[in-house]
Amino acid sequence: MSYLRKFLKHKFLVSFSRFKNFKNGSTSQVETFDKLIKPTSRRNDKSVELFVILATGYIFYKTIKYYTLIPTVNAATALGSTPLAGRRRQFNFIADVVETSAPAVVYIEIKDSRRIDFFTGRPTTISNGSGFIIDENGLILTNAHVVTNKPNAKVEVKLIDGSVYHGQVEDIDIVSDLATVRIPAKNLPVMKLGSSSDLKPGEFVVAIGSPLALSNTVTSGVVSSTQRGSAELGLHGKDMHYIQTDAAITFGNSGGPLVNLDGEAIGVNSMKVTAGISFAIPIDYVKAFLKTAKGPKGPDKPKRLYMGITMLTLTPQIIHELQQRNHQIPRDIEKGVLVWKVIYGSPAHAGGLQPGDIVTHIDGKQIQHSNDIYGILAENKTRNLKISINRSGKSMDLTITPEDFS
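Residues numbered from 1 in each chain as written. Predicted model: local features only at pLDDT ≥ 70, side-chain atom pairs only at ≥ 80, totals over all residues. Heavy atoms only, no water.

Scanning the protein from N- to C-terminus turns up nine helices and 21 strands. For the protein, buried positions account for 43% of its 406 residues. A separation of at least 24 residues holds for 64% of the contacts in the protein among residues at least 6 apart in sequence. If you sum the accessible surface of the protein, you get close to 22500 Å²; carbon and sulfur atoms cover 55% of it. (Helix = DSSP H or I, 4+ residues; strand = E, 2+ residues; numbered from the N terminus. Buried < 20%, exposed > 50% of the residue type's maximum accessible area, 1.4 Å probe, protein only. Contact = heavy atoms within 4.5 Å. Areas by Shrake-Rupley, 256 points an atom, 1.4 Å probe, with all protein chains shown as cover.)

This is the structure:
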């Protein structure tokens, strides 16, 4: 600023002196003074020019900012001028689906009436799963492998309000793995059945069930495939296309609904291969099953052998996928049936079969598909089965005695 004051003072003196000497007719003193200060004035001129440029830019910036010509971005209003309040209600579509659908989902336990738990004094739980109400008069849909248990087993159904009922199995279809259970209750909340024919890959879905006996657990994901053929999964003879989803499904989810964003059941959770790969039975197959359901069976219904496992046929694609996910699947295994669940207290559990075992032979006969095991169990007689398995790369033999179930 000293340069500016000096410069302005100089200019004033120069102007005043020139005016004064112009009147007196003399300019020699002014010219002499001007020559002495001229180098300094040039430097000051440049400083003043720089100052004027910076001051002009600052004034221009403040003017633009004041009149909001340059828009400001705020993380709290990134989606517009609407405040964050209300977003929770606006975008929580999964919560809306659960609020509508969860009341119709039930928890199912299978109790062994011949074995009493020492601590609770109640019958021992040997299996559990999920289901959902499809009729207000107590009709419940679930998986067949959830309720097909050993003799003297009792089916207990727990509703969302905590009430517990004794259930009666009405219809079972082993091939489609579907079953219905009736409880003595009225005016129950009902799950609306949708359609699986117009389902699209990438569509949001919600899986509701009771994994590990934790009632009404909710997971969500997308539909990975709508047409995963049973032959592709190695389930020959079923002639069914499964819904593949990445919604987390584990033990206890079986029989629970797979729900779309309209709150409609579009599938029945059936099996999990590994994390991110689960399958559900399309609801269109369920509707066909319900049309052929005949209600409670009489005492003369045929008996079948029960072993107490759920299984999946190993195909080259599934074997490769499991090996990629670090599962202990031997490299020399090309065919067989993977045991992915063993029901506690079942003949398979008593015989030493474990989840993850690969069944390769039964009584010396090579097992290539799950239907091979179903064919053996369909024989109407009880006998010991010598089962050859591969467990973590080691071969071993087990003896299992299936039981009859009605």
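Right, let's get into helix H6 (residues 283-292). Considered for burial, the residues of H6 that qualify are Ile-283, Val-286 and Phe-289. End-on, the buried residues of H6 take up no more than an arc of 105 degrees, which puts them together on one face. Among the exposed residues of H6, those pointing more than 90 degrees away from its buried face are Lys-291 and Thr-292. (Arc of directions from axis to C-beta.)

Turning to the sheet that holds strand S5 (residues 164-173), a few remarks are in order. If you trace the six strands once around the closed barrel, you get S1-S2-S3-S6-S5-S4, paired in antiparallel fashion. Sheet twist, expressed as the mean angle between neighbouring strand axes with direction ignored, is 40 degrees. The strands touched by H6 within the sheet are strand S2 (123-135), strand S3 (139-143), S5 and strand S6 (178-182), with S6 carrying the most contacts at an inclination of about 55 degrees. (Pairing = 2+ DSSP bridges. Axes fitted to C-alpha atoms, helices over the stretch in contact; angles between N-to-C directions.)

Further remarks concern the environment of Arg-115. Among the secondary structure elements, Arg-115 is positioned in strand S1 (residues 105-116). Counting along the chain gives 11 residues from Arg-115 to Ile-126, while the straight-line C-alpha distance between them is 9.8 Å.

Examined bridge by bridge, strand S4 (residues 153-158) and S5 share four bridges and lie antiparallel to one another. By the bridge assignment for S5, Val-155 is matched with Gly-167. The antiparallel pairing of S4 with S5 creates a hairpin that spans five residues between the two strands, and Gly-162 there sits at a positive phi of about 95 degrees. Across five bridges, the pairing between S5 and S6 is antiparallel. Paired with Asp-171 across the bridge in S6 is Thr-180. In this structure, the hairpin formed by S5 and S6 is closed by a connection of four residues, where Asp-177 is found at a positive phi of approximately 60 degrees.

Before going further, it helps to examine the confidence of the model for the protein. The predicted model of the protein averages 76 in pLDDT, with 71% of residues at 70 or higher. Within the model, pLDDT remains below 50 along residues 298-302, and this stretch shows two contacts once partners closer than five positions in the same chain are excluded. (pLDDT = per-residue confidence, 0-100.)

All right, on to a nonpolar patch on the surface then. Together, Phe-93, Phe-204 and Leu-261 line one region of the surface with nonpolar side chains, adding up to about 260 Å² of accessible area. Position of Phe-204 relative to the elements: it lies in strand S8 (residues 204-209). (Patch = residues over 30% accessible without salt bridge, like charges linked within 9 Å, V, L, I, M, F, W, Y side chains within 5 Å. Salt bridge = Lys/Arg side-chain N within 4 Å of Asp/Glu carboxyl O.)

Here helix H4 (residues 93-101) has its buried residues at Val-97, Val-98 and Ser-101. On an axial view of H4, the arc spanned by its buried residues comes to 95 degrees, and they lie on one face. In H4, the exposed residues that point more than 90 degrees away from the buried face are Glu-99 and Thr-100.

This part takes up the side chain of Glu-156. Tracing the backbone shows Glu-156 in strand S4. In this structure Glu-156 touches Tyr-107, Ile-108, Glu-109, Lys-111, Arg-122, Val-164 and Tyr-165, once residues within four positions along its chain are discounted.

With that out of the way, let us pick up unusual backbone geometry. Positive phi, close to 60 degrees, is recorded for Asp-177, a residue that is not glycine. Relative to the assigned elements, Asp-177 resides in the loop between S5 and S6. Residue classification places Asp-177 among the buried positions, given a relative accessible area of 10%. Residues other than glycine seldom take positive phi values, yet Asp-363 does so here, at roughly 55 degrees.

On to the pattern of salt bridges, then. Applying the stated criterion to the full structure yields four salt bridges. Measuring nitrogen to oxygen at the nearest pair gives 3.1 Å for the salt bridge that ties Glu-109 to Lys-111. Lys-111 matches Glu-109 in its accessibility class, with the two residues each being buried. Lys-192 serves as the salt-bridge partner of Glu-264, at 3.4 Å between the closest nitrogen and oxygen.

Next up on the list: the pairing of strand S20 (residues 394-400). As paired elements, strand S19 (residues 385-391) and S20 share seven bridges and run antiparallel to each other. Considered in S20, the bridge of Ser-388 is made with Asp-397. The turn joining S19 and S20, which pair antiparallel and follow one another in sequence, is formed by two residues; a positive phi near 55 degrees is taken by Ser-392.

Here Met-240 shows up in the loop between strand S9 (217-229) and strand S10 (241-245). For Met-240, a relative accessible area of 3% puts it in the buried group. The sequence separation of Met-240 and Gln-227 amounts to 13 residues, and the corresponding C-alpha distance is 8.8 Å.

Right, let's get into the environment of Val-268. Structurally, Val-268 is set in strand S12 (residues 264-274). Distance in space between the C-alpha atoms of Val-268 and Val-286 is 8.2 Å, their sequence separation being 18 residues. In this structure Val-268 touches Phe-132, Leu-141, Asn-143, Leu-178, Gly-255, Gly-256, Phe-279, Ala-280, Ile-281 and Val-286, once residues within four positions along its chain are discounted.

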